[in-house]
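# Summary of structural features
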Amino acid sequence: MSADERAVRGGRLRIVRDGHELARIAGDVFATVAETALRERGRFTIALAGGATPRASYAVLAADARSPKPRLDWSRAHVYWGDERCVPPDHPDSNYRMARETLLDVVPVPEAQVHRMRGEEEDPARAAALYETVLRASFDAAAPEVPRFDLVLLGLGTDAHTASLFPGSPVLPETTRLVAAPFVEKLGTHRITLTPPVLNAARHVVFMVSGSTKAEALRDVLEGEERPDLRPAQCVRPDRGSLLWLVDAEAAARLSA
Ligand code: 6PG
């Protein structure tokens, strides 16, 4: 464990200077995991995070792909999402659109290897079921096997939600489904999300948390009472994988020294 890392609940915490450094390091972690996966399995599977924080990290990865000697062979990447809003893929709120604009329009991932959640579906439950079918087929993982991502990227909400697992969500205790479409009271809409079993089957999970608005939630998740029903990010404890909290100094400001 490097000097600027320390052990936290079920994983490691690394505090970096600011959002720029977080993006750079997240890009490096992503590339390192991908290189190992390519070496060991000939492909790498990644579940992208949504929201705003990952944009800068995806831009770092896109810049590397444009460099004279890119680190990664993106032709062997298989890209998924941790969650999606119930909007069309070209909607400003779409996590797919954000990743396409910042990363996927630049890196040469074959379209057949980009697996978006169909947020445009009239019936979110059907979209979730469709995505579960895609996951099982593309990982060749028939039930009850759980697909094992090489890397899952996650963010943290100010209410300690992650992916689209919100406080009080009926999906938090899920043990068999891979994908769900809960109605999120506070948003007044459905979301499509991977469930805890999938997140916890991953080889590597990386949370990216930036900014002072996340400081209280981060302290509650890492140092507060274990209440995953109220702090869904506490549900993420990889069974056989690594967990890294990559946070900037502002987000870490409320953590104990
Ligand atoms: C989403 C994300 C969500 C996000 C957090 C943090 O669809 O919004 O999956 O879980 O990671 O809300 O979002 P920011 O990075 O925008 O703060």
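Use the structure listed above.
The present account deals with the structure reproduced in this document. (Residues numbered from 1 in each chain as written. Predicted model: local features only at pLDDT ≥ 70, side-chain atom pairs only at ≥ 80, totals over all residues. Heavy atoms only, no water.)

### Points about the pairing of strand β2 (residues 11–16)
Rules: The pairing criterion is simple: DSSP has to find at least two bridges between the two strands. Put simply, DSSP H or I for four residues or longer makes a helix, DSSP E for two residues or longer makes a strand, and each gets a number counted from the N terminus.
Where strand β1 (residues 5–8) and β2 come together, 4 bridges link them in antiparallel fashion. Looking at β2, one finds that Arg6 is bridged to Leu13. Hairpin connection from β1 to β2: 2 residues lie between these consecutive antiparallel strands, with Gly10 at a positive phi of about 70°. Where β2 lies against strand β11 (residues 242–248), 5 bridges are found, and the strand directions are parallel.

### Details of the sheet that holds strand β6 (residues 151–154)
Basically, it comes down to this: Here the axes come from fitting lines to C-alpha atoms, over the contacting stretch only for helices, and the angles between their N-to-C directions go from 0 to 180 degrees.
Taken in spatial order, the 7 strands of this open sheet run β1-β2-β11-β10-β6-β3-β4, and their pairing is mixed. The strands lining the two open edges of the sheet, one partner per strand, are β1 and β4 (77–81). Here the average twist between neighbouring strands, direction ignored, is 20°. Pairing between β6 and strand β10 (residues 204–209): 3 bridges, direction parallel.

### Focus: the pattern of salt bridges
The following threshold applies: By salt bridge we mean one thing: a side-chain nitrogen of Lys or Arg within 4 Å of a carboxyl oxygen of Asp or Glu. Throughout, exposure labels follow a simple rule: accessible area from a 1.4 Å probe, protein chains only, divided by the maximum for the residue type, with under 20% read as buried, over 50% as exposed, and the rest as partly exposed.
Applying the stated criterion across every chain, the model contains 27 salt bridges. Linking Glu226 and Arg9 is a salt bridge whose minimum nitrogen-to-oxygen distance equals 3.1 Å. In this pair, Glu226 is assigned in the loop between α6 (215–223) and β11 and Arg9 in the loop between β1 and β2, connecting sequence segments 217 residues apart. Residue classification places Arg9 among the partly exposed positions, given a relative accessible area of 24%. Across the pair Glu132 and Arg136 runs a salt bridge whose closest N-O atoms are separated by 3.7 Å.

### What to know about the environment of Gly119
Spelled out, the test is: Contacts between residues were defined by any pair of non-hydrogen atoms, one from each residue, lying within 4.5 Å.
Relative to the helices and strands, Gly119 is located in the loop between α3 (95–104) and α4 (124–138). On a C-alpha basis, the gap between Gly119 and Val134 in space is 14 Å, while along the polypeptide they are 15 residues apart. Ignoring sequence-local partners within four residues, the contact set of Gly119 consists of Glu84, Arg85, Cys86, Val87 and Ile192.

### Observations regarding the site of the ligand
Here is the rule we go by: Working definition: residue near molecule or strand if any one of its non-hydrogen atoms lies within 4 Å of it. For this analysis, a polar contact is any N or O atom pair within 3.5 Å, provided that within protein one partner can donate a hydrogen and the other can accept it, and provided that sequence-adjacent residues contribute only side-chain to side-chain pairs. Think of a 1 Å grid over the protein atoms and nothing else: a 1.4 Å probe that fits but is trapped marks a cavity, an open set flanked by protein within 12 Å on at least five of seven lines marks a pocket, and residues with an atom within 4 Å of a point count as lining. Should more than half of a molecule's atoms lie within 2 Å of a pocket's or cavity's grid points, that molecule is taken to sit in it. When residues are sorted by character, Ala, Val, Leu, Ile, Met, Phe, Trp, Tyr, Cys and Pro go into the nonpolar class, Asp, Glu, Lys and Arg into the charged class, and all the rest, Gly among them, into the polar class.
The environment of the ligand is made up of 15 residues, and the closest members are Thr53, Asp83, Arg85, Ala163 and Lys214. One of the side-chain nitrogen or oxygen atoms of Asn95 is found 2.9 Å away from an oxygen atom of the ligand. A distance of 2.8 Å separates an oxygen atom of the ligand from a polar side-chain atom of His161. Given that more than half its atoms are within 2 Å of the pocket grid, the ligand belongs to the largest pocket. Its residues placed into classes, the shell around the ligand shows 3 nonpolar, 8 polar and 4 charged.

### A few points about unusual backbone geometry
Cis rather than trans, the peptide bond between Ala143 and Pro144 has omega equal to 10°. With respect to the helices and strands, Pro144 occurs in the loop between α4 and β6. Residue Ala163 is not a glycine yet carries a positive backbone phi of 50°. With respect to the element layout, Ala163 can be found in the loop between β6 and β7 (179–180). A residue is classified by how much of its surface remains accessible, and Ala163, at 12% relative accessible area, is buried.

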